[in-house]
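Understanding the architecture of this molecule
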Amino acid sequence: MNDFIAVIPARHASSRLPGKPLAEINGVPMVAHVWQRARESAAGRVVVATDDQRIREALVPFGAEVLMTRADHPSGTDRLAEVAEALGLDDEAVLVNVQGDEPLIPPTLIDQVAARLFDDPEASIATLAEPISDVQALFNPNVVKVVRALSGRALYFSRAPIPWDRDAFAARPELLETDAWLRHIGLYAYRAGFLADYRGWSPSPLERLEQLEQLRALHHGHAIQVALARVGHPAGVDTEEDLARVRALMSADVGNPSEGGV
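Here goes a summary of the coordinates provided. (Residues numbered from 1 in each chain as written. Predicted model: local features only at pLDDT ≥ 70, side-chain atom pairs only at ≥ 80, totals over all residues. Heavy atoms only, no water.)

1. Details of the overall build of the chain
Formally: The way it works is that DSSP assigns letters per residue, a run of H or I at least four long becomes a helix, a run of E at least two long becomes a strand, and they are numbered from the N terminus. For a compact globule the rule gives 2.2 Å times the number of residues to the power 0.38, and the radius of gyration it is set against comes from C-alpha atoms. Think of it in three bands: with a 1.4 Å probe and only protein chains considered, a residue is buried below 20% of the maximum accessible area for its type, exposed above 50%, and partly exposed in between. Residues are treated as being in contact if the distance between any of their heavy atoms lies within 4.5 Å. Values of accessible area rely on a 1.4 Å probe in the Shrake-Rupley scheme; residue burial ignores everything except the protein chains shown. All tallies of charge rest on Lys and Arg as positive and Asp and Glu as negative; His and the ends of each chain are not included. Charged groups are reduced to one reference atom each: NZ for lysine, CZ for arginine, CG for aspartic acid, CD for glutamic acid.
Check the secondary structure of the chain and you find ten helices and eleven strands. What you see for the chain is a C-alpha radius of gyration of 18 Å, in line with the 18 Å of a compact globule of 262 residues. Overall, the C-alpha framework of the chain stretches about 60 × 40 × 35 Å when taken along its three principal axes. Counting the 262 residues in the chain, one finds 51% classified as buried. Contacts spanning at least 24 positions in sequence make up 70% of the contacts within the chain whose residues lie at least 6 apart. Accessible surface, the chain as shown: approximately 12200 Å² in total, 49% of it carbon and sulfur. Here the chain holds 25 positive side-chain charges and 37 negative ones, and the gap between their average locations is 2 Å.

So this is what it looks like as structure tokens:
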């Protein structure tokens, strides 16, 4: 695989769970678990991008590379753009945005999303999706849906149940036996040149309506490759309930990071 950089944006000021990156799981900060998962991928470099010294200090014992960034970024994508600029990356350099609240993320998915971008030199972004298996998820606006072209490129992302089965849903909304519906997984690979352009764009009308920042890229004519995830993508941590669930799942994990890295 071509070389890529995994970047973990980590903000302390989470609205639903303040201090989330430092929440301990098996005695280790959550962001350190994410960093370890990223290190197990094929990334040539793993960087944690944060605006808070407490997060930086928590990662020092593990030997993690930490880059301090501005505190006023409106999104993780904007924070990645600052990282790409600070590192002086070439326009074709690939960065994978690994969310700092996903301590269970499989390293193989990090590799897969990077490989997907390398496979399509004309795409600016790559991301992942997985089949939707129940009707509740299909009609849940918190579950983002994506529709792909034959090439694998994204046609559209929405919180609505797309595609809409005109005849079946008119009679009774239900999930049929088909692979037409895909849930978007928020794991992204970007080209550094795209990130530099992205910083200068205002939110697009569709982005404002759907509250989905990837629509800004489609609005400006950039291609997004969407691969079907090779393995399941465990949910991340947004709430105290999520944190309790992840702690329970990882309670028997013996692969925690240790001082000096592993």
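2. Topic: helix α3 (residues 76-86)
Burial runs high along α3: eight of the eleven residues are buried. Every buried residue of α3 is accounted for by T77, D78, R79, L80, A81, E82, V83 and A84. Where α3 is buried, its residues meet β1 (5-10), β4 (45-50), β5 (65-68), β6 (94-97), β10 (182-191) and α7 (192-198). Immediately downstream of α3, the backbone of G88 shows phi near 65°, a positive value.

3. Topic: the packing of aromatic side chains
We apply this condition: Two rings belonging to Phe, Tyr or Trp (six-membered ring only in the last case) form a pair when the distance between their centres is within 6.5 Å. Interplanar angles under 30 degrees mark stacking, angles over 60 mark edge-to-face geometry, and anything in between is tilted.
Counting across every chain of the model gives six aromatic pairs. Both rings, one in Y188 and one in Y190, keep their centres 5.6 Å apart while their planes meet at 20°; by these two values the pair is stacked. In terms of burial, Y188 and Y190 fall into one category: buried. Three or more aromatic residues link up through ring pairs in this structure, and these residues are Y188, Y190, F194, Y198 and W201.

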